[in-house]
Structures are given as C-alpha cells and as structure tokens.
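Listed below, chain by chain, are the residues.
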Amino acid sequence: MVQPSKSKSGSSPSGAPVSGRAWLMLALATIGFAVNFWAWALLSPLGPRFKDSLDLSSFEQSLLVAVPVVVGSLGRIPVGALTDRFGGRIMFPIVTAVTIVPVLYLGLAGHSSLAALLAGGFFLGVGGTAFAVGVPFVNAWFPPERRGMAIGVFGAGMGGTAISALTTVKLVDAGSMATPFVLTAVLLAVYAVAAALLLRDAPGRTVPTEPLARRLAATARLSITWQASALYAVAFGGYVAFSVYLPTYLKTGYGLTQADAANRMAGFVLLAVAMRPMGGWLSDRLGPVRVLSGSLAVVVAGAVAQSFTPALAPAGTLAFLAMAAALGAGSGATFALVALLTPASKVGSVTGVVGAAGGLGGFLPPLVMGSLYGAYESYAVGLALLAVVAAAALVFTLTRVRAAVEGEDRASGPGRGQRTGTAHTTV
C-alpha cells in the first residue's frame, strides 16, 4: 500500500516517480472523457435549428438542451459509486458503448419530433457520466502529491464540448443531420474497443464491499462531499453557464453577429479547459485552498467589472478571459481537494455527487440571466449576483474548507504532505 510521507526537513523531494503505465492510463481516460463529452453536447449546437424546423417554443428549446445535461449530471452519482465497485476498466467501455445507442438514434431517426429528441436526449445523458468514471480511475494510478495535476489533465477532456460546439453545425451543413452523429458514434465505438483492450485498474485499488445504497449514504455523511459540491457548483457551474449563455449575452448586450459571438465563446471555453490542469498542478504545490481562493477572487472582480457593461475591447474581453481562466483553475483545484480529503474507497462516489452539483450548477444561471434581462433589459443584476455567489464561496473556502484541510493535516500527523505537494511515497 502506498503511504505519503515527508522528508525529515518537511520539504519535498523533486517528486515521486510515476510509471509510464500511469501516464498511458491518464491519456486513455482523458481521450475517453473528451469523446463522451463530445457526444453528450451534440444537441446544444443544433438547438436553434430544431427550434426553426420543428417550430419549438423557447421553453421547448431550453428543455431539449437541458435534458442531457440534467441526466448526465444526476447520473454521475450512481455511476461514480459503481466505478468504486467495479473499476474504470469495466465502466469506461460500458458507458461509452451505451452512449452509442442514443447517438445513432438521434442521428438516423430521432430528430423528427420533439418527443423523439427528448427521448434520445435523455439517454444521451449517459455520456455525461464519464466524468465520474475517470476521476477515481485516474486518482488510483497517481501518488497523492501528483493527483491534483493528473485529475486536472483528465478534466481537460471537458474540451469535448468545445469540439462539439465548433464542428456539429458545420458537419450538418457539409453533409446531413446524420453526419455528426454517425461520426461521433464511430469514434465512441473505436474508443470502447480500445478501452476494453488497453485500460487497466491501478494495482492495489481499494474495492468497497458494502452495498451501493449503504455506500451512497456514507458518502452523504462526508463533509468533503458537500464542501466540494458547493465549490464545484460555482466553479464548473460558472464555466458551463458561460459556455451555454455567452453567445446570447454577446449578441444581445454587444450586438455581435452569431458567428462572432460563437467564436468568442469558443475562446472562453478553450482557455478554461487549458487552465483546469494548471489549477490541479498549482494545487499540488500551493494547496487547493490557495488556488481556490485566488480563483474565486478573480471571478468576483471580473463579474463586478462586467456588471457595468464596459466596452468589449479591451475591458470586457479581459474580464471574460480572466473569469474563464479562474473558473478553469478553480474546477481543477476542487478535485485536487477531493483527492486530498476523500477516503480512497469513496472517491468515485464523492466524484459522482460533486460532478452532479457542477452540472446542475451550470443549468440554473442561464435561466436566471434570461429572466433578469427580460425584467430589466440589462445583464448587470445577473452578473452582480454571480459576484455575490463567488464572494460567498470565497468566504466559505477561507473558513470551513481551510479548517477541514488543516484538520486533516493534524489528524494524519507528520506523515501527511499532500496539501502543499510536499509528500513523497514509501511502500
């Protein structure tokens, strides 16, 4: 069993060695996450097209986009618990293979009515649960002082949503409605086979023996479950909300064309994706509390600045890019915190709950922003609310979360050094 320990001086060595197989497993898991998230996000770019072709109301269009998000978020809870029990080697191919079915259904037959789209979208949500498979899988392969970085790299697979946003409509225009769905189904099938052949669970992985219901109940009693859920709802939820609503905001608030707004949204998404591994890497060295605090402070400042609707060049652009970087880094730091405070046998279960909170956290803000704009014809109140929520999360991080981390350090004694990345491993 691997146990973390500090050097006598309290400082760390250059870093515990990581096997080549661990890096291979991380790469395979990240690819799988990206492909599944690509599939999960297929309906969102086509929402306006379905609205016109099927004469949908604004609410029906919102429902169409929301169903995969909600199912994929809530589905992470049981899938994370199942991953604790059966491992990523089994769960990754299963989740990926199951996702092929709704993808093909939507592309070949399920786009002719709202009911068919909602049915396909419901099962498409399975692709969104891949996150809860990958985090415990990757976590088990890396020593404690490298887990923040590793899980951050894995989290960059959320860039699959950006791939979907940038390619889906173009593929439909170049071919037919079936084109992006069939292409994605082929990629899913290739990955499912590769995962079944190549993925291996980490040696010595802790396998829980309790029934699923009892494990979920135990997960609910852990403080880290709810602390990380609250933070992830703000960090990742903010990323999801902006990635969904930013084109509408830029088009309405600044008069940009749809294409220009979409390109700027893609820039926001890519920066957030790139900063997620950086947030994990910094957490390994500085501690997740410091990274989360800095990230949330930047979000507060950016939201306050943008609430005054400054000129887009340069102030507005800088505000949004700063928030993108902060939300990405904060998302990575949140799961560095999960890796630090969660018992090894419960990482999947906790990840499922936290991942669900993040997905649902991105569902509410666009509805609030739209409602507030309809009432006041201004986005200022919505952005001010974001600043208030981020400020509350910052205070929570500096008090309750910091106390939990310091309490873990004291309880673990001098042999624990993950918080600041100062541990090395002994067998």
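In this report, the structure presented in the accompanying data block is examined. (Residues numbered from 1 in each chain as written. Predicted model: local features only at pLDDT ≥ 70, side-chain atom pairs only at ≥ 80, totals over all residues. Heavy atoms only, no water.)

1. Some remarks on the overall build of the protein
Our working definition: In this description a helix means any DSSP run of H or I spanning at least four residues, a strand means any run of E spanning at least two, and both kinds are numbered starting from the N terminus. Using C-alpha atoms as the atom set, the radius of gyration is obtained and then compared with a globule rule of 2.2 Å times the number of residues to the power 0.38. In what follows, a contact means two residues having at least one pair of non-hydrogen atoms within 4.5 Å. The Shrake-Rupley method, run with a 1.4 Å probe sphere, supplies the accessible areas, and residue values consider only the shown protein chains as cover. Residues counted as positive are Lys and Arg, residues counted as negative are Asp and Glu, and His and the chain ends are not counted. Here the site of a charge means NZ on Lys, CZ on Arg, CG on Asp, or CD on Glu.
When helices and strands are counted, the protein shows 18 helices and two strands. The C-alpha atoms of the protein give 21 Å as radius of gyration, which agrees with the globular expectation for 427 residues (22 Å, within 12%). C-alpha extents for the protein along the principal axes are approximately 65 × 50 × 35 Å. Residue pairs in contact within the protein that sit at least 24 positions apart in sequence constitute 85% of those at least 6 positions apart. Of the roughly 17,200 Å² of accessible surface on the protein, a fraction of 68% belongs to carbon and sulfur atoms. If you average the places of the 27 positive and of the 14 negative side-chain charges in the protein, the two averages end up 11 Å apart.

2. Things to note about unusual backbone geometry
Applied cut-off: Only protein chains enter the accessibility calculation, which uses a 1.4 Å probe; a residue is then buried when its area is under 20% of its type maximum, exposed when over 50%, and partly exposed in between.
Cis peptide bonds are those with omega within 30 degrees of zero, and the linkage from Ala-313 to Pro-314 qualifies with 0°. With respect to the element layout, Pro-314 can be found in helix H15 (residues 312–341). With a phi angle near 50°, Thr-309 is a residue other than glycine that sits in the positive phi range. Within the secondary structure, Thr-309 is located in the loop between helix H14 (288–306) and H15. Overall, the relative accessible area of 38% leaves Thr-309 in the partly exposed class.

3. Looking at the packing of aromatic side chains
Rules: Working definition: rings of Phe, Tyr and Trp (its six-membered ring) pair if their centres are within 6.5 Å, and the pair is stacked with planes under 30 degrees apart, edge-to-face with planes over 60 apart, and tilted otherwise. Charge-over-ring contacts are defined here by two conditions on Lys NZ or Arg CZ: a distance within 6 Å of the ring centre and an angle within 35 degrees of the ring normal.
Evaluated as defined, the whole model comprises 18 aromatic pairs. Pairing Phe-33 with Phe-37 gives two aromatic rings, centres 4.4 Å apart and planes at 65°, and the pair type is edge-to-face. Taken together, the residues Phe-33 and Phe-37, both in helix H1 (residues 20–40) and four residues apart, mark about one turn of the helix. What makes Phe-33 buried here is its relative accessible area of 1%. Ring pairing ties together the aromatic residues Phe-33, Phe-37, Trp-40, Phe-131, Phe-154, Tyr-232, Phe-236, Tyr-239 and Phe-335, which thus form one cluster. In this structure, Arg-85 packs its charged tip against the face of Phe-86, placed 5.2 Å from the ring centre.

4. A few points about the packing of helix H12 (residues 223–254) against H14
We count it as follows: Fitted lines through C-alpha atoms serve as axes, helices being fitted only where they are in contact, and the angles separating the N-to-C directions of these axes extend from 0 to 180 degrees. Our angle categories are set so that under 35 degrees counts as roughly parallel, over 145 as roughly antiparallel, 65 to 115 as roughly perpendicular, and the remainder as oblique. Crossings are sorted by hand: turned counterclockwise from the far helix by less than a right angle, the near helix makes the crossing left-handed, and turned clockwise it makes it right-handed.
Across the interface, H12 lies against H14 with an axial gap of 13 Å and an inter-helix angle of 25°. In terms of orientation, H12 and H14 fall into the roughly parallel class. By crossing handedness, the relation of H12 to H14 is classed as left-handed. Facing Leu-231, Val-234, Tyr-249 and Tyr-254 of H12, the residues of H14 in contact are Leu-292, Leu-296 and Gln-306.

5. Looking at the pattern of salt bridges
Operational definition: Salt bridge criterion: a side-chain nitrogen from Lys or Arg within 4 Å of a carboxyl oxygen from Asp or Glu.
Taken as a whole and assessed by the stated rule, the structure comprises two salt bridges. Asp-173 is paired through a salt bridge with Arg-49; the nearest N and O atoms lie 2.9 Å apart. Placement of Asp-173 in helix H9 (residues 160–174) and of Arg-49 in helix H2 (residues 43–53) is noted, with a sequence separation of 124 residues between them. In this structure, the salt-bridge partner of Arg-264 is Asp-260, at a minimum N-O distance of 3.3 Å. Taken together, the residues span about one helical turn, with Arg-264 and Asp-260 both in helix H13 (residues 258–286) at a distance of four residues.

6. Some points on the environment of Pro-365
With respect to the element layout, Pro-365 can be found in helix H17 (residues 364–376). Distance from Pro-365 to Gly-237, taken between C-alpha atoms, is 8.3 Å for residues 128 residues apart in sequence.

7. Here we look at H17
As a reminder of what qualifies: To estimate the expected span of a helix, count its residues, drop one, and scale the result by 1.5 Å.
Taking 1.5 Å per residue as the helical rise, H17 with its 13 residues ought to reach 18 Å, and the 18 Å between its terminal C-alpha atoms agrees with that figure. Where H17 ends, the next residue or the one after it, Glu-377, has phi of about 55°, a positive value.

8. What about the side chain of Ser-229?
Turning to its location among the elements, Ser-229 is positioned in helix H12. Beyond its immediate sequence surroundings of up to four residues, Ser-229 is in contact with Ile-224, Val-353, Val-354 and Ala-357.

9. So, the packing of helix H4 (residues 76–86) against helix H7 (residues 130–141)
Interhelical geometry of H4 versus H7 gives an angle of 30° and a closest axis separation of 8 Å. What the angle tells us is that H4 and H7 run roughly parallel. Judged by the sense of rotation from one axis to the other, the crossing of H4 with H7 is right-handed. Between H4 and H7, the contacting residues are Arg-76, Val-79, Gly-80, Thr-83 and Asp-84 on the first element and Phe-131, Ala-132, Val-133 and Pro-136 on the second.

10. Overview of the environment of Gly-160
Of note, Gly-160 is situated in helix H9. Look at Gly-160 and you get buried, because its relative accessible area is 0%. Sequence separation between Gly-160 and Tyr-373 is 213 residues, and the spatial gap between their C-alpha atoms is 30 Å. Not counting residues within four places of it along the chain, the set of residues in contact with Gly-160 comprises Ala-34, Phe-37 and Trp-38.

11. Details of the side chain of Asn-139
Residue position: Asn-139 is located in helix H7. Residues in contact with Asn-139, not counting those within four places in the same chain, are Arg-147, Ile-151, Ala-339 and Val-347.

12. Looking at the nonpolar core
So the rule is basically this: Here the nonpolar core consists of buried residues drawn from Ala, Val, Leu, Ile, Met, Phe, Trp, Tyr and Cys, with membership extended through side-chain atoms lying within 4.5 Å.
Judged by nonpolar contacts, the single largest core of 84 residues is most densely connected at Val-138, Phe-142, Phe-154, Tyr-239 and Tyr-249. With sequence-adjacent residues up to four places away left out, Phe-142 is seen in contact with Val-18, Ala-22, Trp-23, Leu-26, Arg-147, Met-149 and Ala-150. In this structure, Val-35, Phe-50, Leu-56 and Leu-117 belong to the second largest nonpolar core, which totals 20 residues.

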